[in-house]
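Survey of secondary and tertiary structure
So the chains spell out like this:
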Amino acid sequence: MKILIKNIAELLQVRTTPTDRVSGADMAVLPTLNNAWLLTEGTTIAGFGTMDTCPAPEGAEVIDATGRAVLPAWCDSHTHMVYAGSRVQEFVDRINGLSYEEIAARGGGILNSAALLNETDEEELYRQSAARLEEVMRLGTGAVEIKSGYGLTVQGELKMLRVIKRLKETYPAAIKATFLGAHAFPKEYKEDHKGYMGLIINEMLPAIAEEGLADYIDAFLETGYFSVEETERIMEAGQKYGLPAKIHVNQFTAIHGIAACVRHNALSVDHLEIVTDEDIEALKGTATMPVALPSCSYFISIPYTPARKMLQAGLPLALATDFNPGTTPSGNMNFVVATACIKMRMTPEEAINAATINGAYAMGLSKTHGSITTGKKANIIITRPVSSYYQLPYAFGTNLVESVIINGKVI
Ligand SMILES: N=CN[C@@H](CCC(=O)O)C(=O)O
Ligand SMILES: [Zn+2]
């Protein structure tokens, strides 16, 4: 199957030389073609150019994109979209004055979602999760990472990861699975960290590896959750099974966790609402991608990642949703991009780079996703008519995604 998109007003994120990620000042550059065409063939991008070179391939479906922007589908490198039910009561509790940490200290938060998940059967969990995935694909997400971490038992974690596997097999979006058994200490292990660490390392990990259910390993490195030392053990255990680390860190406190993640060659460090100069120094010149989650800052009213400071230091930055029932019940990457521009003072060019090419890097997909490049996956957003792509973050509450192509098919 071939699709020819022609008369594209602005074709964004056009990369002809291999680019795995962009950093610092380069993030302000978004290579663009005006008055362009793009051809897909099968599941990949077959070519693109300006309209004076537009081909007329036989049998191609033709889409006229007059007045529209076309860009790579979003690459959302951090989600927890496999979960049961919601935490809507905690949302109201926060409105009434409780903080995220206070709710967690009362036994709510992650443990609340874990209790519900363990009561929910796999079929129902799949049904709820598939509906979320379908929604975000319609909003332009073509590649997504999904974490476990609401099981916190061997069976619960396996159930989540099996649901992720089934989503991978069923949907055209690229999906990476991350094992997050180290998301919180279950109540019965509150005073027995060693015991839960043993369960993760000696029981969960081997069972997950046996079924080939995970691509990455994660831990919530935070005061009151997993310490630097515990997270280091988790990363080392993951390495033994070939699972690189993607770590939740610096959401509420900076406790020298980023340097530890870098030492363990983490693929990404995510959240980063609190970032010190030492953290920035630790990230410089490394292969670790910092990932900001502005919808989380928005929803639970915590600081935004200091993007300007990080880009000025020459670092790269990716943007992701953090879609989860507690801190971010939204998987909308369009809102993430807008919020990064509005609240983190990222330019539209920086935000789009962060949500495409750098997002792909943060889940090991930059060879196949994240840019308009011949041979990469045909994962494409066509917008509604816009005066320019600046309208994407500007009109922040409006859905400007008109159609989405994933793996060469209009979804
Ligand atoms: N902070 C850790 N994990 C999730 C939230 C988990 C939850 O509250 O359910 C996050 O990334 O924000
Ligand atoms: Zn998260």
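As the structure is a computational prediction, the values presented were derived from the model and not from experiment.

The buried fraction of helix α12 (residues 333–344) is high, at 10 of 12 residues. Of the residues making up α12, those classed as buried are M333, N334, F335, V336, V337, A338, T339, A340, C341 and M344. The N-terminus of α12 is capped by N332, whose side-chain oxygen sits 2.9 Å from the backbone nitrogen of N334. Once α12 finishes, R345 follows within two positions and takes phi at roughly 55°, a positive value.

The subject of this paragraph is the side chain of N324. If you trace the backbone, N324 turns up in the loop between β13 (318–319) and α12. Within polar-contact distance, the side chain of N324 engages the backbone nitrogen of T327 at 2.7 Å. Here N324 is in contact with H80, Y83, Y150 and P329, once residues within four sequence places are set aside.

To continue, consider the coordination of the zinc ion (ligand 2). Around the zinc ion (ligand 2), the protein contributes the donor atoms H78 (NE2), H80 (NE2), H248 (NE2) and D322 (OD), which lie 2.0 to 2.2 Å from the metal centre. The sequence pattern formed by the donor residues of the zinc ion (ligand 2) is H-x1-H-x167-H-x73-D. Taken together, the positions of H248 in strand β10 (residues 246–249) and D322 in the loop between β13 and α12 put the pair 74 residues apart, joining distant regions of the chain. Neither residue differs from the other here; H248 and D322 are each classed as buried.

On to the site of ligand 1, then. The environment of ligand 1 is formed by 15 residues, the closest being Y100, Y150, Q251, H271 and T327. Separating an oxygen atom of ligand 1 from a side-chain N or O atom of D322 is a distance of 2.8 Å. T327 has a polar side-chain atom sitting 2.7 Å from an oxygen atom of ligand 1. Contact with the protein chains removes 100% of the 320 Å² of surface that ligand 1 exposes when unbound. The residue makeup of the shell around ligand 1, split by class, is four nonpolar, nine polar and two charged.

This part takes up unusual backbone geometry. Of note in the backbone geometry, Q13 takes a positive phi value of approximately 60° without being a glycine. In this fold, Q13 is placed in the loop between β1 (2–12) and β2 (32–41). The backbone of N35 shows a phi angle near 50°, a positive value even though the residue is not glycine. Since its relative accessible area comes to 46%, N35 is described here as partly exposed.

Turning our attention to the UniProt feature "binding site: Zn(2+)" (unreviewed entry) in the protein. Listed under "binding site: Zn(2+)" (unreviewed entry) in the UniProt record, and renumbered for this structure, are H78, H80, H248 and D322. Across 245 residues, the annotated set stays spatially compact, with a maximum C-alpha separation of 12.0 Å. Looking at where H80 falls in the secondary structure, it is placed in the loop between β6 (74–76) and α1 (88–95). The residues contacting H80, other than those within four sequence positions of it, are K147, S148, Y150, L180, H183, H248, D322, F323 and N324. A polar contact is formed between the side chain of H80 and the side chain of H78, at a distance of 3.3 Å. Its relative accessible area of 1% is what places D322 among the buried residues. Sequence-distant contacts of D322, that is, excluding residues within four places in its chain, are made with D76, H78, T79, H80, H248, H271, L293, C296, T327 and T328. Side-chain polar atoms of D322 contact the side chain of H80, separated by 3.1 Å.

Once that is clear, we can look at the domain arrangement of the protein. Its domain assignment divides the protein into domain 1 (2–72 + 371–410) and domain 2 (75–361). Spacing between the C-alpha centres of domain 1 and domain 2 amounts to 29 Å. Counting residues at the interface gives 30 residues for domain 1 and 33 residues for domain 2. For domain 1, the biggest contributors to the area lost against domain 2 are R21, M27 and I406; these three give 28% of the whole. Applying the counting criterion to the domain 1 and domain 2 interface returns zero salt bridges. Connecting domain 1 to domain 2 are 13 residue pairs in polar contact (both at pLDDT 80 or more). The set of elements that each furnish at least two residues to the side of domain 1 that touches domain 2 consists of β5 (68–72) and β15 (401–406). The dominant element in the side of domain 1 that touches domain 2, judged by the number of residues it contributes, is β15, at three residues. Of the residues in the side of domain 1 that touches domain 2, the class split is 17 nonpolar, eight polar and five charged.

Each value, and the rule that gives it
Residues numbered from 1 in each chain as written. Chains lettered and ligands numbered in written order. Predicted model: local features only at pLDDT ≥ 70, side-chain atom pairs only at ≥ 80, totals over all residues. Heavy atoms only, no water. Buried < 20%, exposed > 50% of the residue type's maximum accessible area, 1.4 Å probe, protein only. Helix = DSSP H or I, 4+ residues; strand = E, 2+ residues; numbered from the N terminus. Polar contact = N/O pair within 3.5 Å; in protein donor to acceptor, adjacent residues only side chain to side chain. Contact = heavy atoms within 4.5 Å. Donors = N, O, S within 2.8 Å, 3.2 Å for Na, K, Ca; no water. Near = heavy atom within 4 Å. Areas by Shrake-Rupley, 256 points an atom, 1.4 Å probe, with all protein chains shown as cover. Nonpolar A, V, L, I, M, F, W, Y, C, P; charged D, E, K, R; others polar. UniProt positions renumbered as here; feature names shortened; annotations may be inferred. Domains from an automatic or database assignment. Buried area = accessible area lost by both parts, 1.4 Å probe. Salt bridge = Lys/Arg side-chain N within 4 Å of Asp/Glu carboxyl O.

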